[in-house]
Amino acid sequence: MAKKAGEFGSLYRGREGQWSWVLHRVTGVGIILFLFAHVVDTAVVGWGPEAYNRVLSVYHNPFVQLLELVLVAMVVYHALNGVRIMLLDFWPNAPEYQARLFYATMAVFVGGMIPIIYIIGRNVIREL
Amino acid sequence: MGGYELWSWLFMRISGVVLLFLAVGHVVIMHVLGGGVGRVDFKFVQLRWQSPFWRTWDWLMLSLALFHGVNGLRTVILDYVRSRGARFTLTWFFNVVGLVLFALGSVVVFTFNPANFPTT
């Protein structure tokens, strides 16, 4: 099936539209795979404090907390890009501004992540 | 484009809007505010789940996130898995995982009794 880039060129433009799509997929798959594990680790709460606190000590590990920061970033990106997708779906003029919408999404993402990185980073360092 | 895909599209948007608040709120509350994940322990959950508000939040988030995520996986599988048999098997594997975890999570959220454990 994969046709070579012929007279019409490749269908994949590799620009704002495709990068936002790739990121949406990667973050989405990452989040659901984590969620599968997270439902199980939360279920341990039914076995009482000793078992549950042992499970949670994994989340308190400084290196794991950096992974949690990545998870938070994935959730925030996926949510913001979801808004961008819905704007494209429901606002007839949005496709005209699609590239600008991508940069606006990224700006809000970076703007939101700066305080989050600062606060989580500070908490991790304080607990070291 | 049949009815199923249209409902799936609609569900992704509705659950997405709700999760925008529930899931982003959840990671911010658990990992950013109040000292971060370091303060989360059994006692924290025990106190939190005394409130029907947080139980409802957590259960709604659990349900929507699982169905949203498993439906997302279905879309991804549809895109990349070319063999019909493998596509069917993988899609149903994740459907079953999603349903089992939905059942497990629901049981935990609704049956956890904070009074069963001493609060000291």
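The rules behind these values
Residues numbered from 1 in each chain as written. Chains lettered and ligands numbered in written order. Predicted model: local features only at pLDDT ≥ 70, side-chain atom pairs only at ≥ 80, totals over all residues. Helix = DSSP H or I, 4+ residues; strand = E, 2+ residues; numbered from the N terminus. Buried ≥ 20, exposed ≤ 12 C-beta atoms within 10 Å, placed from the backbone. Rg over C-alpha atoms; globule rule 2.2 N^0.38 Å. Contact = placed C-beta atoms within 7 Å. pLDDT = per-residue confidence, 0-100. Core = buried A, V, L, I, M, F, W, Y, C linked by C-beta atoms within 7 Å. Nonpolar A, V, L, I, M, F, W, Y, C, P; charged D, E, K, R; others polar. Expected span 1.5 Å × (residues − 1).

Focus: the overall build of chain A
Each helix and strand in chain A was counted, giving four helices and zero strands. Helices and strands in chain A line up, N terminus first, as α-α-α-α. In chain A, which comprises 128 residues, the proportion classed as buried is 20%.

Section: the overall build of chain B
A tally of helices and strands in chain B yields four helices and zero strands. Going from the N terminus to the C terminus, chain B shows its helices and strands as α-α-α-α. Taken against the 2.2 N^0.38 rule, which gives 14 Å for 120 residues, the C-alpha radius of gyration of chain B at 18 Å runs more than 25% over that of a compact globule. Considering only C-alpha atoms, chain B reaches an extent of 55 × 25 × 25 Å along its principal axes. Residues counted as buried form 20% of the 120 residues belonging to chain B. When contacts within chain B are restricted to residue pairs at least 6 apart in sequence, long-range pairs at least 24 apart make up 75% of them.

A look at the confidence of the model for chain B
Chain-level statistics for chain B give a pLDDT mean of 93 and a share of 97% at 70 or above. The ipTM for the predicted assembly is 0.91, set against a pTM of 0.89.

With respect to the nonpolar core
Core analysis: the biggest nonpolar cluster contains 30 residues, and Leu35, Val75 and Val76 of chain A together with Ala23, Leu62, Ala65 and Leu66 of chain B have the highest contact counts within it. Elements supplying a minimum of two residues to this core: helix 1 (16–43), helix 2 (49–60), helix 3 (62–90) and helix 4 (98–127) of chain A together with helix 1 (3–31), helix 3 (52–80) and helix 4 (84–111) of chain B. The element that contributes the greatest number of residues to this core is helix 3 of chain A, accounting for seven residues. Not counting chain neighbours up to four residues away, the residues in contact with Leu66 of chain B comprise Leu35 of chain A together with Gly98, Leu101 and Phe102 of chain B.

Describing the interface of chain A and chain B
In this complex, chain A contributes 32 residues to the contact, which on the side of chain B involves 31 residues. Among the elements of the structure, helix 1, helix 2, helix 3 and helix 4 of chain A are those that each provide at least two residues to the side of chain A that touches chain B. Taken together, the residues that form the side of chain A that touches chain B break down as 20 nonpolar, nine polar and three charged.

As for the environment of Asp89 of chain A
Residues and elements named next belong to chain A. Turning to its location among the elements, Asp89 is positioned in helix 3. By C-beta crowding, Asp89 is classed as exposed, having 11 other C-beta atoms within 10 Å. Along the sequence, Asp89 and Leu71 sit 18 residues apart, while their C-alpha atoms lie 26 Å from each other.

So, the environment of Phe11 of chain B
Here Phe11 of chain B is to be found in helix 1. Here the alpha-carbon distance between Phe11 of chain B and Asn71 of chain B, two residues 60 residues apart in the chain, equals 9.4 Å.

Things to note about helix 3 of chain A
With 29 residues, helix 3 of chain A extends 42 Å between its outermost C-alpha atoms, agreeing within 8% with the 42 Å of an ideal straight helix rising 1.5 Å per residue. Listing the buried residues of helix 3 of chain A in full gives Glu68, Leu69, Val72, Val75, Val76, Tyr77, His78, Ala79, Leu80, Asn81 and Gly82 of chain A. Close packing links the buried residues of helix 3 of chain A with helix 1, helix 2 and helix 4 of chain A together with helix 1 of chain B.

A word on helix 1 of chain A
The end-to-end C-alpha distance of helix 1 of chain A is 40 Å, a good match for the 40 Å that 28 residues give at a rise of 1.5 Å each. For helix 1 of chain A, the set of buried residues is Ser20, Thr27, Gly28, Ile31, Ile32, Leu35, Val39 and Thr42 of chain A. If you follow the buried residues of helix 1 of chain A, they end up packed against helix 3 and helix 4 of chain A together with helix 3 and helix 4 of chain B.

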